[in-house]
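The lines below spell out each chain.
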Amino acid sequence: MIISNGIRQNAQNLLDFIDASPSPWHVIATMERELRGKGFTRLEEIQSWSLIPGGKYYVTRGDSALIAFILGSMPLPEIGFRIVGAHTDSPGLRLKPLAPHGVENMMRLGVEVYGGPILASFSDRDLSLAGRVCLRVGDAMVTRLFRFEAPLVRLPNLAIHMNRSVNEDGLKFNKQTELPLLIAGLKPNQVPHQYFGELLSESLRCDFSDIISWEINVYDTQKGSLWGPQQEFIANRQLDNLSSCYAGLTALLETEPMDNTCVGAFFDHEEIGSESSKGAMGSFISDVLERISDVIELQSSSYKQTLARSLLISADAAHAYHPNFPRAYEPLHMVKVNAGPAIKINTNQRYATDCVGEAQFIRICERVGVPFQRYTHRSDLACGSTIGPMTAARLGITTVDVGCPIWAMHSIRESGGVFDPIYLCEALRGFFRG
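If you're wondering where the values come from, they're calculated on a predicted model, not measured in any experiment.

1. Some points on the overall build of the chain
Here is step 1 of the chain: Within the chain, the secondary structure is distributed over 11 helices and 20 strands.
Here is step 2 of the chain: Its C-alpha radius of gyration of 22 Å places the chain within 12% of the 22 Å reference for a compact globule of 434 residues.
Here is step 3 of the chain: Along the first, second and third principal axes, the C-alpha atoms of the chain reach 70 × 60 × 40 Å.
Here is step 4 of the chain: Every one of the 434 residues in the chain was classed for burial, and the buried ones make up 56%.
Here is step 5 of the chain: For the chain, the proportion of contacts with a sequence separation of at least 24, taken over those separated by at least 6, is 77%.
Here is step 6 of the chain: Just so you have it, the chain exposes about 19000 Å², and 50% of that area is on carbon and sulfur atoms.
Here is step 7 of the chain: On the chain, the mean spot of the 40 positive side-chain charges and the mean spot of the 47 negative ones are 2 Å from each other.

Following this line, the structure appears as structure tokens:
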């Protein structure tokens, strides 16, 4: 396997994108910087829109979902939308509203499990906190992002001397009593909530009394890395699903205005079912597509015609074959790292791919010279799902679910191959270009 400096650099660019984005709110901030740098104009949902053919635009919702698009020159009813969808959130731990509390001489932070993380992978890691805070500024309220760069909290394991069966039974945590994170020694008469609020206010350079509320994500401070004898693999947090966000964003940024109207839709809350104002089950995608159609004065029937001609590629990480656990895989559909994006297929529509969408994605890969694989889950294991089926159902658009194969999905530190992110980028770029 020959790995060029260009391949490694693309993988490092993905790792840098993830390192800059420790929460869904930071993901959107990172995307906004990239979009503005490439000439995209920010739109506001509360304002009227004025769009021109060839224009590049984006709109956010709730600081953690974003839709960007390039308006093509061809009439939409004749060509449809070309949409790439992904999600900005990853499973993990979130702080409770009244998280700080004392136990004996230690201060802890209460957490709630977000989605379906591998909880054992959070123990004995250098963890920290990032998120958004609502602040008072005079009579107004503003939202600010924050991030503690250095390790701030920890989930120490219980010594094996007190948990003799851990290697046989596996590491398990009671979600209520054993997951609170240790943060500091507690001094006499110290008020935990005030102490933590002062840490936040110092980071935000505001007064403690100005803090109204917060949403805080726990993240691993270890940066992403290339590994293996030839650095043929990558490891980082949030590969599921920032590998797809990075690929979709990169493909859109590298697309020049043309006939096609190209859309990148990046949703929040996929890991908890997507049923929110910012999720794929919400109205965000249909609201934006309808507003585009309204601005260019499409009739209702023409808008429906546009959707019927559209194609959505739903990009979310796939399960790479793990040679230590062959029993976990369908024997004829074991997708490998560094072998190209996986087309995800499920008869029960846990993935939205049908033979038409599958064929269209295969033709794209063949046209741009990218390898592809087909993934189907074992029949005797419950299959996960993603944004594809719900977006397809909401919009009535032909949809294909694809993704980069990775190991340890939903671990705090996932891993995959250096080639797959660039393969997915190339495929999505080819999709946008037509």
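2. Some words on the pattern of salt bridges
Pairs can form between side chains of opposite charge whenever their charged atoms are close.
Here is step 1 of the chain: For the structure shown, the criterion picks out 14 salt bridges.
Here is step 2 of the chain: Of the charged contacts in the structure, one is a salt bridge between arginine 147 and glutamate 149, with a shortest N-O distance of 3.7 Å.
Here is step 3 of the chain: Taking the shortest distance from any N to any O, the salt bridge between glutamate 254 and arginine 429 comes out at 2.2 Å. Here glutamate 254 is found in the loop between helix H6 (239-253) and strand E13 (261-267), whereas its partner arginine 429 is found in helix H11 (residues 419-433), with 175 residues between them in sequence.
Here is step 4 of the chain: On the basis of relative accessibility, which here comes to 37%, the residue glutamate 254 falls in the partly exposed class.
Here is step 5 of the chain: With a relative accessible area of 10%, arginine 429 lands in the buried category.

3. Some words on the sheet that holds strand E15 (residues 318-319)
To summarise the sheet geometry, strands pair through backbone hydrogen bonds and adopt either a parallel or an antiparallel arrangement.
Here is step 1 of the chain: Pairing is mixed in the open sheet, where five strands are placed in the order E11-E12-E20-E19-E15. Each end of this open sheet is capped by a strand with a single partner; those strands are strand E11 (225-227) and E15.
Here is step 2 of the chain: In terms of strand pairing, strand E19 (residues 405-407) meets strand E20 (residues 414-417) through two bridges, oriented antiparallel. Within the sheet, the bridge partner assigned to tryptophan 407 lies in E20 and is serine 415.
Here is step 3 of the chain: In this fold helix H1 (residues 5-19) packs onto E11 and strand E12 (233-236), with an angle of close to 5° to the strand it touches most, E12.
Here is step 4 of the chain: The strands touched by H6 are E12, E19 and E20; relative to E20, the strand with the most contacts, the crossing angle is about 40°.

4. Concerning the nonpolar core
Here is step 1 of the chain: Phe17 and Met31 are the most contacted members of the largest nonpolar core, which totals 56 residues.
Here is step 2 of the chain: Counting 32 residues, the second largest nonpolar core, distinct from the first, contains Val153, Ala184, Cys206 and Trp214.

5. Structural notes on unusual backbone geometry
As a rule of thumb, non-glycine residues mostly have phi less than zero, and peptide bonds are mostly trans rather than cis.
Here is step 1 of the chain: Of the consecutive residues aspartate 240 and asparagine 241, the connecting peptide bond is found in the cis state with omega at 15°.
Here is step 2 of the chain: By the element assignment, asparagine 241 lies in helix H6.
Here is step 3 of the chain: Positive phi outside glycine occurs at glutamate 104, with the angle close to 55°.
Here is step 4 of the chain: Mapped onto the secondary structure, glutamate 104 falls in the loop between strand E5 (92-103) and strand E6 (106-114).
Here is step 5 of the chain: Taking the relative accessible area as the measure of exposure, glutamate 104 reaches 76% and is therefore exposed.
Here is step 6 of the chain: A positive phi is found at glutamine 349, a non-glycine position, where the angle reads about 65°.
Here is step 7 of the chain: Checked against the element boundaries, glutamine 349 lands in the loop between strand E16 (342-344) and helix H9 (355-368).

6. A few points about helix H2 (residues 24-37)
Here is step 1 of the chain: Relative to the 20 Å expected for 14 residues at 1.5 Å per residue, H2 spans 20 Å between its end C-alpha atoms, a close match to the ideal helical length.
Here is step 2 of the chain: Here H2 lies mainly inside the structure; 10 of its 14 residues are buried.
Here is step 3 of the chain: The set of residues buried in H2 consists of Pro24, Trp25, His26, Val27, Ile28, Ala29, Thr30, Met31, Glu32 and Leu35.
Here is step 4 of the chain: Phi for glycine 39, located one or two positions after H2, is positive at around 85°.

7. Some thoughts on the sheet that holds E13
Here is step 1 of the chain: Reading across the sheet, the nine strands line up as E1-E2-E3-E13-E4-E14-E18-E16-E17 and stay open at both edges, with mixed pairing between neighbours. Edge positions in the sheet fall to strand E1 (41-43) and strand E17 (373-375), since each of these pairs with one other strand and no more. Adjacent strand axes in the sheet meet at a mean angle of 25°, parallel and antiparallel pairs treated alike.
Here is step 2 of the chain: Across three bridges, E16 lies against E17 in parallel orientation. Residue pairing in the sheet places lysine 344 in a bridge with tyrosine 375 of E17.
Here is step 3 of the chain: Here helix H7 (residues 284-295) sits on the sheet and contacts strand E2 (56-61), strand E3 (65-70), strand E4 (81-87) and E13; the angle it forms with E3, its principal contact strand, is near 30°.
Here is step 4 of the chain: Here helix H10 (residues 387-395) sits on the sheet in contact with E4, E13, strand E14 (311-315) and strand E18 (398-403), set at roughly 165° to E18.

8. Details of empty space enclosed by the protein
Here is step 1 of the chain: Taken as a whole, this structure holds two cavities of 30 Å³ or more when the rule is applied.
Here is step 2 of the chain: Reported here for the largest cavity is a volume of approximately 180 Å³.
Here is step 3 of the chain: In terms of lining, the largest cavity is formed by 21 residues, of which the most central are Ser90, Pro91, Asn217, Val218 and Gln238.
Here is step 4 of the chain: Put simply, the parts of the chain that give the lining of the largest cavity at least two residues each are E5 and strand E10 (211-220).
Here is step 5 of the chain: In terms of residue count, the dominant contributor to the lining of the largest cavity is E10 (four residues).
Here is step 6 of the chain: Taken together, the residues of the lining of the largest cavity break down into seven nonpolar, eight polar and six charged.
Here is step 7 of the chain: Here the second largest cavity defines a volume of roughly 40 Å³.

9. Some details on the side chain of aspartate 220
Here is step 1 of the chain: Structurally, aspartate 220 is set in strand E10.
Here is step 2 of the chain: A relative accessible area of 1% places aspartate 220 in the buried class.
Here is step 3 of the chain: Only 2.6 Å separates the side chain of aspartate 220 from the side chain of arginine 125, close enough to count as a polar contact.
Here is step 4 of the chain: A polar contact of 3.2 Å, which involves the side chain of aspartate 220, links it to the backbone nitrogen of glutamine 222.
Here is step 5 of the chain: Leaving out residues up to four positions away in the same chain, aspartate 220 has contacts with Arg125, Asp126, Leu127, Arg237, Ile412 and Arg413.

Each value, and the rule that gives it
- Residues numbered from 1 in each chain as written.
- Predicted model: local features only at pLDDT ≥ 70, side-chain atom pairs only at ≥ 80, totals over all residues.
- Heavy atoms only, no water.
- Helix = DSSP H or I, 4+ residues; strand = E, 2+ residues; numbered from the N terminus.
- Rg over C-alpha atoms; globule rule 2.2 N^0.38 Å.
- Buried < 20%, exposed > 50% of the residue type's maximum accessible area, 1.4 Å probe, protein only.
- Contact = heavy atoms within 4.5 Å.
- Areas by Shrake-Rupley, 256 points an atom, 1.4 Å probe, with all protein chains shown as cover.
- Lys, Arg positive; Asp, Glu negative; His and termini not counted.
- Charge placed at Lys NZ, Arg CZ, Asp CG, Glu CD.
- Salt bridge = Lys/Arg side-chain N within 4 Å of Asp/Glu carboxyl O.
- Pairing = 2+ DSSP bridges.
- Axes fitted to C-alpha atoms, helices over the stretch in contact; angles between N-to-C directions.
- Core = buried A, V, L, I, M, F, W, Y, C linked by side-chain atoms within 4.5 Å.
- Expected span 1.5 Å × (residues − 1).
- 1 Å grid on protein atoms, 1.4 Å probe; cavity = no way out; pocket = protein on both sides within 12 Å on 5 of 7 lines; lining within 4 Å.
- Points joined across faces, edges and corners; volume = space filled by probe spheres on them.
- Nonpolar A, V, L, I, M, F, W, Y, C, P; charged D, E, K, R; others polar.
- Polar contact = N/O pair within 3.5 Å; in protein donor to acceptor, adjacent residues only side chain to side chain.

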